[in-house]
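# Overview (structure and organization)
Listed below, chain by chain, are the residues.
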Amino acid sequence: MHRPRGCWRHGPSSSSCVAVGNAGHPQSAVRLARSSYCSSAVRSHGTLRTRSSTAAAAHRVVWVETSNQAVLTAAVESGCSKALFSKDTKPLADKWQQLASFEALFIDEVGTIQDAKGSKVGQRMVVASKADLQAAEAAARQPGYLVMDATDWKVIPAENLVATFQASEGKLLGVATSAADARVMLEALEAGTAGVVLRTDDPVQVKQLSAYLAQREAEGAPAYDYDAAKVTGVTPVGMCDRVCVDLCSLLRPGEGMLVGSFARALFLVHSECMESQYINSRPFRVNAGAVHAYIQAPNNKTAYLSELKSGSEVLVVDAAGRARTAVVGRCKVETRPMVRAGRTSAVELEQTLRNTGGAKMLVEAETADGMRHSTLLQNAELCSS
């Protein structure tokens, strides 16, 4: 199996990640990125050296309030899992739940919001005067959601309440009647509200809001800084249990997962998105490495490859360092021959790869500071640029 070019290193100040792919002609130069944890024993702590916008990357809550089934359908397809119903629209909840999976929330005459079991989720408050604003600010001390309904007076109460809720236990949602209004809420004082309740019967507004949130998420996604490294050799190591990870997302050329034998040094292992004369493209698959290896997960955490299962979340990273979260569909553990690497020339490296076929390899890379980093891979995953 051949992969496109690319080896890199990943993360913050004192540790590294190396990326590996395959284009048919191995080379001895790779790039790594650094991580703030420097011990392989640390699996779930530390901060990776990333470039991101905290406000843009924050997860935003979106509820819909509608009497139009098309709006609910658009919301569910966009990943919105909650819909708000009043006394008049409550019959729609039972009807629509036969068509789609979502959580129905119900609001009574005094604005109390409850789930289907009758547990309180939050409170809706109409903000139309200074007295209303003061009451909403006082409610920030209460846990749960405060839904600010300020249809006639949007920006000023949103900014005031965002400032109040930043240091409070409660979470602020703003009622919006369009995607443009939702954007005002989500960008108030840069930090924005925790989310919005989109009150509309127009499915186009849902799609526009979904596109806006996707753009914000992409702009705020962590980006990993890569440093130059050098592959110093590749050596067969015998039979090992290799983990093949199939994701619920399609990967593009240049994308893979960060894997390594030590948390301080993770390799970017490329996906099977490129076709070759030997195998068809499998753009959802990464032959990640041996069962003992670490893999980068969201929120600066790592996991063992052997721990992954259907529903687990992992980070997918590209050659530019851009990262996104993907869900694991399945993992296959198969016994495959592996290989060990040492200092070697590009010609010697290519000869080793050709002679070892699909063997497992211990790949070693050296960074500018003289440190050596390694991981075990199947020959198919070794890369060239």
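Here, the structure is the one placed above.
My aim in this report is to walk through the structure given alongside it, one point at a time. What you see is a predicted model, and the numbers here were worked out from it, not measured in a lab. (Residues numbered from 1 in each chain as written. Predicted model: local features only at pLDDT ≥ 70, side-chain atom pairs only at ≥ 80, totals over all residues. Heavy atoms only, no water.)

### Notes on the pairing of strand E16 (residues 301–304)
In terms of strand pairing, strand E15 (residues 294–297) meets E16 through 4 bridges, oriented antiparallel. Counterpart to Ile295 in the pairing with E16 is Ala303. (Pairing = 2+ DSSP bridges. Helix = DSSP H or I, 4+ residues; strand = E, 2+ residues; numbered from the N terminus.)

### Some details on the environment of Ser210
For Ser210, the location among the structural elements is in helix H7 (residues 203–220). A sequence separation of 148 residues divides Ser210 from Val62, and the C-alpha atoms of the two residues are 9.4 Å apart.

### Quick look at the side chain of Thr193
Mapping Thr193 onto the fold places it in the loop between helix H6 (179–186) and strand E10 (195–199). When neighbours within four sequence positions are excluded, Thr193 is seen to be in contact with Arg60, Val162, Leu172, Gly174, Met185 and Leu186. (Contact = heavy atoms within 4.5 Å.)

### As for the nonpolar core
Membership of the largest hydrophobic core comes to 37 residues, with the highest contact counts inside it found for Phe85, Phe102, Met148, Leu161, Leu172, Val196 and Leu209. The next biggest cluster of nonpolar side chains, apart from the first, holds 23 residues, and it includes Val231, Leu251, Phe267 and Val328. (Core = buried A, V, L, I, M, F, W, Y, C linked by side-chain atoms within 4.5 Å. Buried < 20%, exposed > 50% of the residue type's maximum accessible area, 1.4 Å probe, protein only.)

### Structural notes on the sheet that holds strand E4 (residues 82–85)
Backbone hydrogen bonds hold the strands of a sheet together, and the pairing may be parallel or antiparallel. An order of E3-E4-E5-E6-E7-E8-E9-E10 is seen for the 8 strands of this closed barrel, with the pairing classed as mixed. Ignoring strand direction, the axes of neighbouring strands in this sheet form an average angle of 25°. Sheet analysis places strand E3 (residues 61–65) next to E4, joined by 2 bridges and oriented parallel. Residue pairing for E4: Val64 is matched across the bridge by Ala83. Along the sheet, H6 makes contact with strand E8 (145–149), strand E9 (171–176) and E10, crossing E10 at roughly 160°. (Axes fitted to C-alpha atoms, helices over the stretch in contact; angles between N-to-C directions.)

### Here we look at the pattern of salt bridges
All told, the structure shown has 12 salt bridges when counted by the stated rule. Between Glu65 and Arg199 there is a salt bridge, with its nearest N and O atoms 3.3 Å apart. Here Glu65, found in strand E3, pairs with Arg199, found in strand E10; they are 134 residues apart in sequence, far enough to count as distant. On the basis of relative accessible area, Arg199 is assigned to the partly exposed category, the value being 25%. Notably, a salt bridge pairs Asp246 with Arg330, separated by 2.8 Å at the nearest N-O pair. Taken together, the positions of Asp246 in strand E11 (residues 226–247) and Arg330 in strand E18 (residues 323–339) put the pair 84 residues apart, joining distant regions of the chain. Taking the relative accessible area as the measure of exposure, Arg330 reaches 44% and is therefore partly exposed. Several salt bridges share partner residues, and in doing so they unite Glu65, Arg124, Asp149 and Arg199 into one network. (Salt bridge = Lys/Arg side-chain N within 4 Å of Asp/Glu carboxyl O.)

### Description of the packing of aromatic side chains
The full count for this structure, using the stated rule, is 5 aromatic pairs. Centroid distance Trp63 to Tyr145: 5.2 Å. Interplanar angle 70°. Geometry classified as edge-to-face. Of this pair, Trp63 sits in strand E3 while Tyr145 sits in strand E8, placing them 82 residues apart in sequence. With a relative accessible area of 1%, Trp63 lands in the buried category. Ring plane angle 20° and centroid distance 5.1 Å describe the contact between Tyr294 and Tyr304, whose orientation is recorded as stacked. Taken together, the positions of Tyr294 in strand E15 and Tyr304 in strand E16 put the pair 10 residues apart, joining distant regions of the chain. Classification of Tyr304 by relative accessible area gives partly exposed; the value is 28%. Each residue in the set Phe85, Trp96, Phe102 and Phe106 is aromatic and connected to the rest through ring pairs, giving one cluster. The side chain of Lys90 reaches across the aromatic face of Phe106, ending 5.2 Å from its centre. (Phe/Tyr/Trp six-rings, centres within 6.5 Å; stacked < 30°, edge-to-face > 60°. Lys NZ or Arg CZ within 6 Å of the ring centre and 35° of its normal.)

### What about the side chain of Asp115?
Looking at the secondary structure, you find Asp115 in the loop between strand E6 (112–114) and strand E7 (120–126). For the buried Asp115, no salt bridge exists, and the shortest N-O distance to an oppositely charged side chain is 6.7 Å, to Lys117. Of note is the side chain of Asp115, whose polar atom sits 2.9 Å from the backbone nitrogen of Lys117. Discounting chain neighbours no more than four positions away, the residues touching Asp115 are Glu103, Ala104, Leu105, Phe106 and Val121. (Lys, Arg positive; Asp, Glu negative; His and termini not counted. Polar contact = N/O pair within 3.5 Å; in protein donor to acceptor, adjacent residues only side chain to side chain.)

### Let's talk about helix H2 (residues 69–77)
Given 3.6 residues per turn, any residue in an α-helix points the same way as the ones three and four places further on. Those residues of H2 not exposed but buried are Val71, Leu72, Ala74 and Ala75. Along H2, the residues classed as buried sweep out an arc of 160° about the axis, all on the same side. Where H2 begins, the capping side chain belongs to Asn68, and its oxygen is found 2.9 Å from the backbone nitrogen of Ala70. Looking one or two places after H2, you find Gly79, whose phi comes out positive at around 100°. (Arc of directions from axis to C-beta.)

### Side note on the environment of Val327
With respect to the helices, strands and loops of the structure, Val327 is situated in strand E18. On the basis of relative accessibility, which here comes to 32%, the residue Val327 falls in the partly exposed class.

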